[in-house]
Amino acid sequence: MKFMKLGSRPDTFITTEAVRSVNSEVISDLIVQVKDSRYLLHKFPLLSKCLRLQRLCSESPETSQHQIVQLPDFPGGIEAFELCAKFCYGITITLSAYNIVAARCAAEYLQMTEDVEKGNLIYKLEVFFNSCILSSWKDSIVTLQSTKSFPLWSQDLGITSRCIESIASKVLAHPSKVNLSRSYSKRDPRDDISCNESESRRYKTSSKSWWAEELAELSIDLYWRTVIAIKSGGKVPASVIGDALRIYASRWLPNISKYANLEKQLVHDQSESNSIGKHRLLLESIISLLPAEKGAVSCSFLLKLLKAANILKASCSSKMELARRVGIQLEDASVNDLLIPCVSHTCDTIYDVDIVITILQQFKLQGQSPPTSPLRRKGDFERRRSRSAENIDLEFQESRRSSSASHSSKLKVAKLVDGYLQEIASDSNLPLSKFISIAEEIPEFARLDHDDLYKAIDIYLKGHPELNKSERKRLCRILDCKKLSMEVCIHAAQNELLPLRVVVQVLFIEQARAAMTGGHVTELPSNIKALLANHDDTSKTSASFNKAKMTPVNDLKSPKSNLSTLKMKLAEDDDLDEHYADEIGKSSRIRALCVLPNRPKRMFSKLWSHNRSVASEKN
């Protein structure tokens, strides 16, 4: 750290009965009142360099041997005043980045300009500030931090703006050109807490973001202006800016989960309200600094900011901006990242599912997958023929690569959503409509299988035993039984919580699969027999199912009747549901799911013809 010494005389200021004075043979003739402190000084050295004191002394009458001057709003307090007073007496003073702002503001207040005397204090401070302070990285940051005590004075004198420009220029320059003091970035491990997390974690800065931890000590208003200046230079990559913002958030957004219950309790004092307000302002400032480029910050970090925004009651625009950014790179998220606590007293759910629905909607609004090969418009043929075959192949491959990446991201998000549904399904206060809304945000082609979705539905049914038949059927309409694995089908066939129509679908699909593989269809579970018995004629249905299930596929003499029995069961169950009587189109679509594809039909036709031929030979 650089410093400057002015003056050569020893310090002769003394304190007597709470009054500061100069140890001199000359009797003092001036009393200066600085806030609550009193100074007994001499007019000649002070008035010769301070234009304001000259004017104040000329305006106030001399009622005694001591003329009194009041300085109630003196910037910098008694420390800054003593620096100026000692300079006037020629006493040695030491100036550095820690006190130059206070001294500069005090000198400006006393009007210690060149018009009063050549080589006055303002001139010397400006020379030291421009030549030494601004040339040093560490001194620039320390000086910028000290401007917090004198925001208006520092802004008017240009100290703040010049420090920010100096810091930004050093960040934009090559790191080897900057003289750094690494000891300045020592931090308390307690500060390394990621927002809304209880565990400490230290972030390792890369060589490109060597300045991130240094600037993390700045207050949010100074940090915001500094990062804006760095971004405007256009030389720092967006990922480096994002890494710096993550480090700053870990420094100033500690574990804020303590605020999560304040809103529901509606009990918090003024100090807590002020703390929440400060953290909210800081959070919204960080959000406004996020780079626009995708991947500049991780999806996990964005969701942590979103959790903090939920707890701190950030503005709707800030939440929407975070939701939009999360939607762009949602495939990189994890289930735990999406578990955003609901802190509103008007919401009874454990997690905020509305914001997740918003994120999924933003994900769907992202660029659609481009076609595999670009369409040729009329008139494009001649232009395309003029291109080389290599360029055409390159465009085609790039288009396929982009389409594949978009498709893979949808597959990842589908897995993510199904895992999220399993986590929130046990919440007894989660409405059925919101559960279905989240599940339906994923396009059908993105779910290669419905095993995870079935698990989520099963958890929801167990956690909501009060659901009636219509609601259970409505819930299970999002399930495609044809996309269930054999293990899940076995579980579903014995699941008494499922509607009868879903169980029949599962059994029907199991029979179809067994027919395709030429295997045996297992015996109906006893609980399914009881369920079917309660629904309709027990003896007929159970007998028909038992007969069908126990018969090997090679010996099927009337498989058509067995399939018809299952479809009849499904139709009967649909007829009993008066609530969905007006949704004939939907019922028809669901029934269509149970129709065997062409390949099984052909296989059954071969089996039937084979069985007929065998029977004729026996006869």
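Conventions adopted
Position labels on residues start from 1 in each chain and follow its written sequence. Where local features are concerned, this predicted model is filtered to residues with pLDDT of at least 70; where side-chain atom pairs are given and counted, the filter is 80 or more; whole-chain, interface and lining totals use all residues. Hydrogens and water are ignored here; the side-chain numbers use all heavy atoms of the structure. UniProt positions are given in the numbering used here, feature names are shortened, and annotations may be inferred rather than shown by experiment. For helices the rule is a DSSP run of H or I covering at least 4 residues; for strands it is a run of E covering at least 2, with both sets numbered from the N terminus onward. Here the term buried applies to any residue with accessible area under 20% of the maximum for its type, exposed to any over 50%, and partly exposed to those in between, with areas from a 1.4 Å probe on protein chains only. We call two residues contacting when some pair of their heavy atoms lies within 4.5 Å. Calculation of accessible area relied on Shrake-Rupley with a 1.4 Å probe; when residues are assessed, cover is drawn exclusively from the protein chains displayed. Residue types Ala, Val, Leu, Ile, Met, Phe, Trp, Tyr and Cys, when buried and joined through side-chain atoms within 4.5 Å, form a set referred to as a nonpolar core. One requirement defines pairing of two strands: DSSP has to find at least two bridges between them. Only C-alpha atoms enter the line fits that serve as axes; for helices the fit covers just the stretch in contact. Angles between N-to-C directions range over 0 to 180 degrees. Aromatic pairing here means that ring centres of Phe, Tyr or Trp (its six-membered ring) are within 6.5 Å. Orientation follows from the plane angle: under 30 degrees is stacked, over 60 is edge-to-face, and everything else is tilted. In this description, the term disulfide denotes a pair of cysteine sulfurs within 2.5 Å. Here a cavity denotes a set of grid points, spaced 1 Å apart and computed over the protein atoms alone, in which a 1.4 Å probe fits but from which it cannot get out, and a pocket denotes an open set meeting protein on both sides within 12 Å along at least five of seven lines; residues with an atom within 4 Å of a point are reported as lining. Grid points are joined across faces, edges and corners, and a volume is the space filled by probe spheres set on the points. Following the grouping adopted for this structure description, the nonpolar residues are Ala, Val, Leu, Ile, Met, Phe, Trp, Tyr, Cys and Pro, the charged ones are Asp, Glu, Lys and Arg, and the polar ones are all others, Gly among them. Roughly parallel covers angles under 35 degrees, roughly antiparallel covers those over 145, roughly perpendicular covers 65 to 115, and oblique covers all other angles. The handedness criterion is simple: a crossing whose near helix is rotated anticlockwise from the far helix by less than a right angle is left-handed, and one whose near helix is rotated clockwise is right-handed.

- In the annotation of an unreviewed UniProt entry, the entry for the protein chain reads NPH3 domain-containing protein, and the organism field reads Anisodus acutangulus.
- Regarding the protein chain, the UniProt comment filed under Pathway (unreviewed entry) reads as follows: "Protein modification; protein ubiquitination."
- Here the protein chain is described in UniProt, under the heading Sequence similarities (unreviewed entry), as follows: "Belongs to the NPH3 family."

**Details of the overall build of the protein chain**
- Of regular secondary structure, the protein chain possesses 29 helices and seven strands.
- For the protein chain, the proportion of its 619 residues judged to be buried stands at 48%.
- If you take every contact in the protein chain between residues at least 6 apart in sequence, the share linking residues at least 24 apart comes to 74%.
- With the model as given, the accessible surface of the protein chain reaches about 31,400 Å², and the carbon-plus-sulfur share is 53%.

**Considerations on unusual backbone geometry**
- The residue Ala18 is not glycine, and still its phi comes out positive at about 65°.
- Relative to the assigned elements, Ala18 resides in the loop between β2 (13-16) and β3 (19-22).
- On the accessibility criterion, Ala18 (68% relative accessible area) is exposed.

**A short note on the nonpolar core**
- In terms of nonpolar packing, the biggest core is built from 151 residues, with Leu71, Met112, Trp211, Leu330 and Phe435 touching the most fellow members.
- Here Trp211 is in contact with Trp137, Val171, Ile230, Val236, Val240, Ile241 and Ala244, once residues within four sequence places are set aside.

**Thoughts on the sheet that holds strand β5 (residues 37-41)**
- Overall, mixed pairing links the five strands, which are arranged β2-β3-β5-β4-β6 in an open sheet. Every interior strand has two partners, whereas the edge strands, β2 and β6 (67-71), have only one. Neighbouring strand axes in the sheet, compared pairwise and without regard to direction, differ in orientation by 25° on average.
- Sheet contacts for helix α3 (residues 77-89): β2, β3, β4 (30-34), β5 and β6; angle to β5, the most-contacted strand, approximately 5°.

**Thoughts on the packing of aromatic side chains**
- What the rule picks out here adds up to nine aromatic pairs.
- Relative to Phe81, the ring of Phe74 has its centre 5.6 Å away and its plane inclined at 85°; by these criteria the two rings are edge-to-face.
- Among the residues examined, Phe81 registers a relative accessible area of 1% and is labelled buried.
- Taking the centre distance of 5.1 Å and the plane angle of 75° together, the rings of Phe74 and Tyr109 count as edge-to-face.

**Looking at the state of the cysteines**
- Here the structure, examined in full by the defined rule, presents zero disulfides.
- For Cys481, which is in no disulfide, the shortest distance to another cysteine sulfur is to Cys489 and amounts to 7.1 Å.

**A short note on the environment of Ser250**
- Inspection of the secondary structure assignment puts Ser250 in helix α11 (residues 238-252).
- When its relative accessible area of 1% is taken as the criterion, Ser250 is described as buried.
- Put simply, Ser250 and Ala216 are 34 residues apart on the chain and 9.2 Å apart in space, counted from C-alpha to C-alpha.

**A word on empty space enclosed by the protein**
- Evaluated as defined, the whole model comprises six cavities of 30 Å³ or more.
- Here the largest cavity defines a volume of roughly 60 Å³.
- Lining the largest cavity, in full, are Pro291, Ala292, Glu293, Lys294, Gly295, Val297, Leu302, Arg324, Arg325, Ile328 and Gln329.
- Among the elements that make up the lining of the largest cavity, the one with the highest residue count is helix α15 (residues 316-328) (three residues).
- Put simply, the second largest cavity is a space of about 50 Å³.
- Around the second largest cavity, the lining residues are Ile100, Val101, Arg104, Leu125, Glu126, Phe129, Thr143 and Ile159.
- Taken together, the elements giving at least two residues each to the lining of the second largest cavity come down to α4 (100-110) and α5 (121-133).
- A per-class count over the lining of the second largest cavity returns five nonpolar, one polar and two charged.

**Details of the packing of helix α14 (residues 299-312) against α15**
- Two elements in contact, α14 and α15, have axes separated by 10 Å at closest approach and are oriented at 155°. Considering the angle they form, α14 stands roughly antiparallel to α15. With respect to the hand of their crossing, α14 and α15 are arranged in left-handed fashion. On α15, the residues that touch Cys299, Leu302, Leu303, Leu305, Leu306, Ala309 and Asn310 of α14 are Lys319, Leu322, Arg325 and Val326.
- A class-by-class count of the residues in the contact of α14 with α15 yields eight nonpolar, one polar and two charged.

**Examining the pairing of β2**
- Judged from the four bridges that link them, β2 and β3 form a sheet pairing that is antiparallel. Pairing of Thr15 across the sheet is with Arg20, part of β3.
- Turn length for the β2-β3 hairpin, with the two strands adjacent in sequence and antiparallel, is two residues, and the turn residue Glu17 shows positive phi of about 50°.

**Side note on the environment of Phe81**
- Within the secondary structure layout, Phe81 lies in helix α3.
- Other than its neighbours up to four places away in sequence, Phe81 contacts Val32, Val34, Tyr39, Leu41, Leu71 and Phe74.

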